[in-house]
Amino acid sequence: MSMDWLKGLLLIALIFVPLERILALHPEQRIFRRGWLNDMVYLLLNGQVTSYGVGVLVIGMTMAAGWLMPASVRAAAAGQPYWVQIVEVIVLADIGVYFAHRAFHAVPFLWRFHAIHHSIEELDWLAANRVHPVDQIVTKGCSLLPLFALGFSDVAIGAYMALFGAQSVLNHCNVRINFGPLRWFLASPEFHHWHHSKGPEGRDKNFAATLPLLDVLFGTSYMPRGRMPSQYGLCQPIPATYPAQLLYPFRSTPAPASRVGAADAA
Ligand SMILES: [Zn+2]
Ligand SMILES: [Zn+2]
């Protein structure tokens, strides 16, 4: 774990913790809320596990793409102006996120992994980290592999990854921020908080990470004006610690069939 990495963490905390104090959506929520230590463990350990997993996938896929994807296609993608590539990369990657995320909600076995992320009951700047490594590797794989296969430039892919990273922290933050006229064009805390709502309204809605219009297009959007969820989390019990959460999807105790089934049964 390098010092640069620690500096990055401190910088993120220095930006987002005061922001959450100034623009608090749920002012009663504490900085050291329930589960924060667990999510700090995710932040410290999960990134490493996931980056190795994603790294192996990306190297393998890039080699395969070198053999399978015509060089002319790769050259054409990389030859476009950066701003065109960045727009294409964001759209392509978010389509990957959308369908992977939707599958994690719809397929009972996959839901066992994704339920870990939805077990967060108080959203904040740390919450984005609580993702099972299998969930993270599959979702990142679905979004990044097409980009590497098509040969987009590192600049465009790097720009997308920076946007994705910043958005995933911001969109889980305990902040009251409205993107105004851009609210359907760029995912916001308002958009993603509904995805975590405990009540039925936002359930299985708002799967996109960056582009809410994908949810509008595929009929899964929910973002009522002027309202925010009051409760987050699940009705099904999820263990509280990192090791137990890692093992949770593999345990023999039958997990509820899906998020919908879980909540409706409770
Ligand atoms: Zn989800
Ligand atoms: Zn989330």
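Residues numbered from 1 in each chain as written. Chains lettered and ligands numbered in written order. Predicted model: local features only at pLDDT ≥ 70, side-chain atom pairs only at ≥ 80, totals over all residues. Heavy atoms only, no water.

## Quick look at the packing of aromatic side chains
Taken as a whole, this structure holds ten aromatic pairs when the rule is applied. Ring centres of Tyr-98 and Phe-207 lie 5.8 Å apart, and the angle between their planes is 90°; this geometry places the pair in the edge-to-face category. Residue Tyr-98 is found in helix H4 (residues 82-106), and its partner Phe-207 is found in the loop between helix H8 (189-195) and helix H9 (212-217); the two are separated by 109 residues along the sequence. Each of the two residues, Tyr-98 as well as Phe-207, counts as buried. By the ring-pair criterion, three or more aromatic residues cluster together here, those being Tyr-98, Phe-99, Phe-207 and Phe-218. (Phe/Tyr/Trp six-rings, centres within 6.5 Å; stacked < 30°, edge-to-face > 60°. Helix = DSSP H or I, 4+ residues; strand = E, 2+ residues; numbered from the N terminus. Buried < 20%, exposed > 50% of the residue type's maximum accessible area, 1.4 Å probe, protein only.)

## Considering the packing of helix H3 (residues 71-79) against helix H6 (residues 133-150)
In contact at an axis separation of 8 Å, H3 and H6 are set at 105° when each is read in the N-to-C sense. Taken together, the axis directions place H3 and H6 in an arrangement best described as roughly perpendicular. Together, Val-73, Arg-74 and Ala-77 of H3 and Phe-148, Ala-149 and Leu-150 of H6 make up the contact between the two elements. For the contact of H3 with H6, the per-class residue count stands at five nonpolar, no polar and one charged. (Axes fitted to C-alpha atoms, helices over the stretch in contact; angles between N-to-C directions. Parallel < 35°, antiparallel > 145°, perpendicular 65-115°, else oblique. Contact = heavy atoms within 4.5 Å. Nonpolar A, V, L, I, M, F, W, Y, C, P; charged D, E, K, R; others polar.)

## What about a nonpolar patch on the surface?
There is a patch of nonpolar side chains on the surface, built from Trp-83, Val-87, Val-91, Ile-95, Phe-99, Leu-217 and Phe-218 and spanning about 690 Å² of accessible area. When residues in the nonpolar patch are grouped by element, the largest group, five residues, is from H4. Within the secondary structure, Trp-83 is located in helix H4. Exposure remark for Trp-83: the relative accessible area of 62% places this residue in the exposed category. (Patch = residues over 30% accessible without salt bridge, like charges linked within 9 Å, V, L, I, M, F, W, Y side chains within 5 Å. Areas by Shrake-Rupley, 256 points an atom, 1.4 Å probe, with all protein chains shown as cover. Salt bridge = Lys/Arg side-chain N within 4 Å of Asp/Glu carboxyl O.)

These figures come from the coordinates and say nothing about function on their own.
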